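# Structural characterization, general
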Amino acid sequence: MFRKGILVAALALSCAGASAQKRQVMLDKVVAVVGGSSILASEVDAYAGELVRQRRQEGYTSDRDPHNEALEALMTRKLLYNQAQIDSVKINDAAIFSAVEEQVQRLVDEEGSIARLEAKHHMPIFTIREIMRQRYEEQEYASEMQRTVVGKVSIVPGEVERYYKSLSRDSLPVVAEQYVYAQITKFPKSMTEAKQRTRERLLDMRARVISGNAKFENLARMYSVDPGTMMRGGEMPPSRLAELDSSFASALEKMRPGQISEVVESQFGFHIIQMLDKQGDYYHFRHILLKPIYTVEEQTASLNQLDSLARQIRSDSVTFERAALLHSDDKGSKMNGGVVSNSDIMSYYNASNPKLTVTKFLREDFGHFKSLDDYNALMKLRPGEVSPAFLTEDMLGNKMAKIVKLIEIIPTHEASLEEDYLRLEEMALTDKQDRVFREWLSKKIDAMYVFIDPEYRGGGFENQHWVK
C-alpha cells in the first residue's frame, strides 16, 4: 500500500527538506532518476529517518532497510508524478496553496519569526515556500494519479467471501475491542441569541470597512476563527463555487470585485466576504469567519438540563430511548434511540457509502470520526450506564452538551463474515486495489526511463521491475 508511504514522504520532505539544503551543497548526489525526475541522497536520508521515527512511535519494526524502502517509495512517487503529467491529470491548486501557507505559518510560529526561520534554513522565506510548493504539488499529482488507477476498482460479495476463505487461520484479521453507544445532545438554549450577537459583530466590522475606518484584512487577522486564512488577512486561494459551502458560494456568485457581502451563514459559522477578483470559474476573495460564543452560564444551563435528564434515566423514570426522542438535538440519532452511527460523517461529505453508517466503533475511530470526549466518557462506564453531562463540540465546531450511554463492548475477536462483513469488505477491496496498482506500476516501470545508482541497487526492492 504505497499511498501511506508517499504521504509520509511528502510530510518528511516538506519539514526536513529545507533544513537539509545547506548540507546538500556539500554532500548530495543524484541516486536515482525516474522519467524526468531525480532523487537526491539527502531526500532518501530524510525519508528513511522519518520511517524509523514513525516505527518507534508506533512500536513496530521492519526487516527492510529503511533507506531502500524510502528510495522505492520516492521512486514510486516520481513515477506517479511523471505519469500524471503524461495523462494530463488535474489537481486542486487552491488546496496546495492553502496547505503550503499553513505549513509555512506553522514553521514561522515554531521559530518565533520569519527572520529566525530564514536564518535556521539559510534561505529566504520565498525559497522555503517554493520548495514546499513544488513538493506538495508533486505529492498531489502522485496521489491523484494513484486515485485514478484504483478509483474504479470495485468488489462484489463473492470476492469478499473468497478473500476471507483465502486467509489462513493464523492470518485471520483480529478486530480490536469495539463500542456501541447512544447519546443525547443539547445545544445551548441561547443559540438564537448567540447567533444574533455574532451577526451584529460582523455587521459592525462590515460597517467599519465600508466607512474606511478599518481594513478588511486587519480585522480578519484579529478576529477571524478560520485558522487557514486568518494570518493571511482572510484571503482564500482562488476557488470554484463547487468547492465551497453552498450558502457561501451563492452569496459569492452575486458579488462584484471590491464588494463586501452581508452576513452569510454557512455550515461552518457566519462570514462576511470581500470579493477581490474573478478569473474564469475561479473566485478570489477574503472572508472573516466567526462562530457563536456562549457565556459560562449559558453552557452550564445545558449541562444542568442533561444532568437532570440523566438522573431521571438512572431512576427509571424514563428510558434513554424515550429521552433521546423527546430531548436530543441530534437528528441523526434521536429517531434511533440515540444510538450513534457515522451518519453525520456521511452527511458532511455528502456520501452514500454504507460503511459510514456503522454503529460499532474502534478506539482509533474516536478522534477520526467521533469525539475523543465521547471515548473518555465511555471509558468510565459499564454497559447500561449513563454518563454525567459534559461539554463537547460537533464536527463543525459548534458547542454543545452531551450525555452518553454505553450499550455494549464487543471484545477483541477474529473477524467473521457474519459480524464484521463491512470491515472485511474494506480489507478485500484494499487488497484488490493493491494488486491492481502493483500490476499497473510494473507495466509503467518497464515503459519509463529508470536509473538507480549501483550503490543503491542491492537493498532488495519489493517490485523487482525497478532493477532493469
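Note that this is a predicted model, so its numbers are computed, not measured.

Right, let's talk about the overall build of the chain for a bit. Within the chain, the secondary structure is distributed over 17 helices and 12 strands. Overall, the C-alpha framework of the chain stretches about 75 × 70 × 40 Å when taken along its three principal axes. Residues classed as buried in the chain amount to 45% of the 468 residues present. Partitioning the contacts of the chain with sequence separation of at least 6, the portion at a separation of at least 24 is 67%. Total accessible area computed for the chain in this model is approximately 24800 Å², and 51% of it derives from carbon and sulfur atoms. The distance from the centre of the 62 positive side-chain charges to the centre of the 68 negative ones in the chain is 3 Å.

This next bit is on the pairing of strand β9 (residues 390-393). The alternating pattern of β9 places F390 and T392 on a buried face and L391 and E393 on a face that is not buried. For β9 and strand β10 (residues 399-410), the ladder comprises four bridges, and the chain directions are antiparallel. Looking at β10, one finds that F390 is bridged to K402. Remark: five residues form the turn of the hairpin made by β9 and β10, two consecutive strands paired antiparallel; G397 in that turn has positive phi of roughly 90°.

Time to look at helix α8 (residues 157-166). Among all positions in α8, only V160, Y163 and Y164 are buried. Relative to the axis of α8, the buried residues are bounded by an arc of 100° and lie together on one face. Structural note: α8 exposes R162, K165 and S166 on the side pointing more than 90 degrees away from its buried face. Where the residues of α8 are buried, they touch α17 (421-447).

Looking now at the environment of P124. Mapped onto the elements, P124 comes out in the loop between α6 (114-121) and α7 (125-150). The exposure class assigned to P124 is partly exposed, which follows from its relative accessible area of 31%. The spacing of P124 and E72 is 52 residues in sequence and 31 Å in space, taken between C-alpha atoms.

Here α8 crosses α17 at 85°, and the two axes come no closer than 9 Å. Taken together, α8 and α17 sit at an angle that is classed as roughly perpendicular. On α17, the residues that touch P157, E159, V160, Y163 and Y164 of α8 are Y421, L424, E425, M427, A428, D431 and K432. Broken down by class, the residue content of the contact of α8 with α17 amounts to eight nonpolar, no polar and four charged.

This part is about the sheet that holds strand β6 (residues 269-279). The antiparallel open sheet is built from three strands, whose spatial order is β5-β6-β7. Among the strands making up the open sheet, the edge pair consists of β5 (264-266) and β7 (282-290). Averaged over all adjacent pairs, the angle separating strand axes in this sheet is 45°, with direction ignored. Where β5 lies against β6, three bridges are found, and the strand directions are antiparallel.

Attention now moves to the pattern of salt bridges. Going through the model one piece at a time under the given rule, you end up with 30 salt bridges. Residue R169 is joined to E414 by a salt bridge in which the shortest nitrogen-to-oxygen separation is 3.3 Å. Residue R169 is found in the loop between α8 and β3 (174-175), and its partner E414 is found in strand β11 (residues 413-414); the two are separated by 245 residues along the sequence. Taking relative accessible area as the criterion, R169 reaches 62% and is therefore assigned exposed. Here the residues in one salt-bridge network are K29, D453 and E455, joined through shared partners.

On to the environment of S387. Note on placement: S387 falls in the loop between α16 (372-378) and β9. Here the alpha-carbon distance between S387 and D28, two residues 359 residues apart in the chain, equals 58 Å. Those residues in contact with S387 that sit more than four places away from it in its chain are A310, R314, A377, L381, I403 and V404.

Moving on: unusual backbone geometry. Unlike most non-glycine residues, S88 shows phi in positive territory, near 55°. Counting through the fold element by element, S88 comes out in the loop between α4 (66-86) and α5 (93-111). Residue class for S88 comes out exposed when judged on its relative accessible area of 52%. Of note, H122 is a non-glycine position whose phi angle comes to about 60°, a positive value. Examined against the element boundaries, H122 turns out to sit in the loop between α6 and α7.

Turning next to the confidence of the model for the chain. With 90% of its residues at a pLDDT of 70 or more, the chain shows a mean pLDDT of 87. The model gives residues 1-26 a pLDDT under 50, and that stretch makes 58 contacts with residues more than four places away or in other chains.

Moving on, we come to the nonpolar core. Counting residues in hydrophobic clusters, the biggest one holds 59 residues, and the most contacted among them are L71, M75 and W466. For this core, the secondary structure elements donating two or more residues are β1 (30-34), α3 (41-58), α4, α5, α7, α8, α17 and β12 (450-452). If you look at the next biggest cluster of nonpolar residues, it comprises 15 residues, including A182, I313, A401 and I403.

Conventions adopted
In every chain, residue numbers begin from 1 and rise along the written sequence. Selection of residues for local features in this predicted model requires a pLDDT of at least 70, selection of side-chain atom pairs for listing and counting requires 80 or more, and totals for whole chains, interfaces and linings are taken over all residues. The side-chain values count all of the structure's non-hydrogen atoms but skip hydrogen atoms and water molecules. Labels follow the DSSP assignment, with helices taken as runs of H or I lasting at least four residues and strands as runs of E lasting at least two, numbered in each case from the N terminus. Burial classes: relative accessible area under 20% of the type maximum marks a residue as buried, over 50% as exposed, and values in between as partly exposed (1.4 Å probe, protein chains only). Here, two residues are considered to be in contact whenever any of their heavy atoms come within 4.5 Å of each other. All accessible areas in this document rest on Shrake-Rupley with a 1.4 Å probe, and a residue is counted as covered only by the protein chains that are shown. When charges are counted, Lys and Arg contribute as positive and Asp and Glu as negative, whereas His and the chain ends are disregarded. For the purpose of locating charges, the reference atoms are NZ of Lys, CZ of Arg, CG of Asp and CD of Glu. Only strands that DSSP links by at least two bridges are regarded as paired with each other. The directions considered for the arc run from the helix axis to the C-beta atoms. Lines are fitted to the C-alpha atoms to define the axes, a helix being fitted only along its stretch in contact, and any angle between axes, read from their N-to-C directions, falls within 0 to 180 degrees. Oblique is the label for every angle not falling under 35 degrees (roughly parallel), over 145 degrees (roughly antiparallel), or within 65 to 115 degrees (roughly perpendicular). Charged means Asp, Glu, Lys or Arg here, nonpolar means Ala, Val, Leu, Ile, Met, Phe, Trp, Tyr, Cys or Pro, and polar covers whatever is left, Gly included. Note on definitions: salt bridges are taken to be side-chain nitrogens of Lys or Arg within 4 Å of carboxyl oxygens of Asp or Glu. A residue's pLDDT is the confidence the predictor assigns to it, expressed on a 0 to 100 scale. To define a nonpolar core, start from buried Ala, Val, Leu, Ile, Met, Phe, Trp, Tyr and Cys residues and group those joined through side-chain atoms within 4.5 Å.

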